Amino acid sequence: MILTIIVFLAVLSLLVLVHEFGHFFVARLAGIGVLEFALGLPFTKPIWSKKLKGGMKISLYPILFGGFVKLLGEESDENLKNSFSRQGVWSRIAVVVAGVTMNFILAIVLFYGFLALSNFKVLVPRLADYHFLSPNENRVVVTAVQDGSPAKITGLVPGDVILSADGKQFTKFVDFQTYTKSRAGFDMTLLVSDETISNRRTVKVTPRKNPPVGQGALGLGIADGIVVSFQTPQEKSLSGLTYAVDMLGYNLQVIGHLGAASFKSRDVAPLSENVSGPVGIAGAVGTILGLGGSKAIVAMLNFVGLLSLSLGFMNILPFPALDGGRLAFLLVEAFTGRKLAAKKENLINQIGMLALLGLIILISFNDLKRVFGK
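Computed from a predicted model, the values in this text were never measured in an experiment. (Residues numbered from 1 in each chain as written. Predicted model: local features only at pLDDT ≥ 70, side-chain atom pairs only at ≥ 80, totals over all residues. Heavy atoms only, no water.)

Chemist: Is there a simple way to think about the packing of helix α2 (residues 89-117) against helix α9 (residues 293-315) in this case?
Modeler: Helix packing geometry: the angle between the two helix axes and the distance between the axes. Close contact between α2 and α9 brings their axes to 8 Å; oriented N to C, the two are set at 160°. One element, α2, and the other, α9, form an angle in the roughly antiparallel class. In terms of crossing hand, the pair formed by α2 and α9 is left-handed. In this structure, α2 contributes Val100, Asn103, Phe104, Leu106, Ala107, Leu110, Phe111, Gly113, Phe114 and Leu117 to the contact, and α9 contributes Val298, Leu301, Asn302, Val304, Gly305, Leu306, Ser308, Leu309, Leu311, Gly312, Phe313 and Asn315. Partitioned by chemical class, the residues of the contact of α2 with α9 number 15 nonpolar, seven polar and no charged. (Axes fitted to C-alpha atoms, helices over the stretch in contact; angles between N-to-C directions. Helix = DSSP H or I, 4+ residues; strand = E, 2+ residues; numbered from the N terminus. Parallel < 35°, antiparallel > 145°, perpendicular 65-115°, else oblique. Left-handed = near helix turned anticlockwise from the far one by under 90°. Contact = heavy atoms within 4.5 Å. Nonpolar A, V, L, I, M, F, W, Y, C, P; charged D, E, K, R; others polar.)

This is the structure:
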């Protein structure tokens, strides 16, 4: 539990620091004064603070679920040359989008490491009919194995990928089910890979003619999966980028399907049960650490990359208090020439921040209910 909390806070801090460093770096390039660079939310006094020679303050606040860079003239119309409010609108836009850009860059870098350690082969569950940019192929994936079943006896485990049966390849689990039923009572030779898509083995199994209710001939739970595989040097050189694009598009499509299901059924359960906040993320970190060794390292690289990608996308949404909300105000100014007064913008952002905190609390409560409900 202690290790999970430490790693969770380290991951969260990394994502926030990288994001805020983007704002800080571009602001400095634009000649904008930086008053404070902080990790944590300023609802209390900082637990540590240091003022540098240039006047900028570095701070650490006890509520670590966030961070910020405070720029000169960001919250008021300062009449100074190096004030944020005095810069051209496109310079201010560059500062605002820099944080999101850094999160996307971090995700791509982490994905390169993840893919390299995974031999550039990744198994992805098919949860939506998404068309991947990355080279891929459809496969049948084992999701569950019943005790005492032929599959259990032969050593099949969840996560195994069925590459072929008696030399025949199957890209849909329903086709594999049909073939298995047709072979009831006869031996089948399966070519199987583990979830790394690298270690192959051959197993012989005999489907049952009269299996227990709900178990099937082999006693397997199976589903459609996608194997993303980068093979050529050119594919590998672009793998981190294309994988990042695919993961963002794929997850958005899955969330879209869940949202549509919630709307159709007039029940938030399909969406709420698949969305997690800090508590859910901490739980996922604990699960990954439980893998141990190199598996935990590889899985953590992928997980943190996905979090960075999600953080970048969420932050660019046009909602007050998020970078996307600030960007929306700036784009209106860029194309209309009308600038919203700093006091009004700050008020709108404060209301947005309260709404976001309320949403985080609601999602965290839902996470806790799922944990303790089980």
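Chemist: Which parts of the structure should I look at to understand the sheet that holds strand β10 (residues 220-229)?
Modeler: An order of β5-β10-β6-β7-β8-β9 is seen for the six strands of this open sheet, with the pairing classed as antiparallel. Each having just a single partner strand, β5 (121-125) and β9 (200-205) make up the two edges of the open sheet. Direction aside, the axes of adjacent strands within the sheet are offset by 45° on average. The sheet strands contacting helix α4 (residues 173-182) are β6 (136-145), β7 (161-165), β8 (188-193) and β10, and the helix crosses β10 at an angle near 135°. (Pairing = 2+ DSSP bridges.)

Chemist: Before we go on, may I ask you to explain the pairing of strand β2 (residues 48-51) in this structure?
Modeler: Across a regular strand the side chains alternate sides, sitting on one face of the sheet and then on the other. In the sheet, β2 pairs with strand β3 (residues 57-60) via four bridges, with the strands oriented antiparallel. From the neighbouring strand, serine 49 faces β3, where its bridge partner is serine 59. Connecting the antiparallel pair β2 and β3 is a turn made up of five residues, with glycine 55 showing a positive phi of about 100°.

Chemist: What is the right way to read the packing of helix α1 (residues 2-29) against helix α8 (residues 278-289) from this model?
Modeler: At a minimum axis separation of 9 Å, α1 and α8 run at an interaxial angle of 115°. Remark: the crossing between α1 and α8 carries right-handed chirality. The residues of α8 that touch α1, namely those facing Leu3, Thr4, Val7 and Phe8, are Pro278, Ile281, Ala282, Val285, Gly286 and Leu289.

Chemist: Can you walk me through the packing of aromatic side chains in this structure?
Modeler: The description of an aromatic ring pair rests on the distance of the ring centres and on the angle between the ring planes. Taken as a whole, this structure holds 12 aromatic pairs when the rule is applied. Ring centres 5.8 Å apart and planes at 45° place the aromatic pair tyrosine 61 and phenylalanine 68 in the tilted group. Across the pair, phenylalanine 68 and tyrosine 61 agree in class, each one buried. (Phe/Tyr/Trp six-rings, centres within 6.5 Å; stacked < 30°, edge-to-face > 60°. Buried < 20%, exposed > 50% of the residue type's maximum accessible area, 1.4 Å probe, protein only.)

Chemist: Please explain the pairing of β8 as it appears in this structure.
Modeler: Pairing of β7 with β8, which is carried by four bridges, proceeds in the antiparallel orientation. Looking across to β8, one finds that serine 164 is bridged to leucine 191. Turn length for the β8-β9 hairpin, with the two strands adjacent in sequence and antiparallel, is six residues, and the turn residue isoleucine 197 shows positive phi of about 60°.

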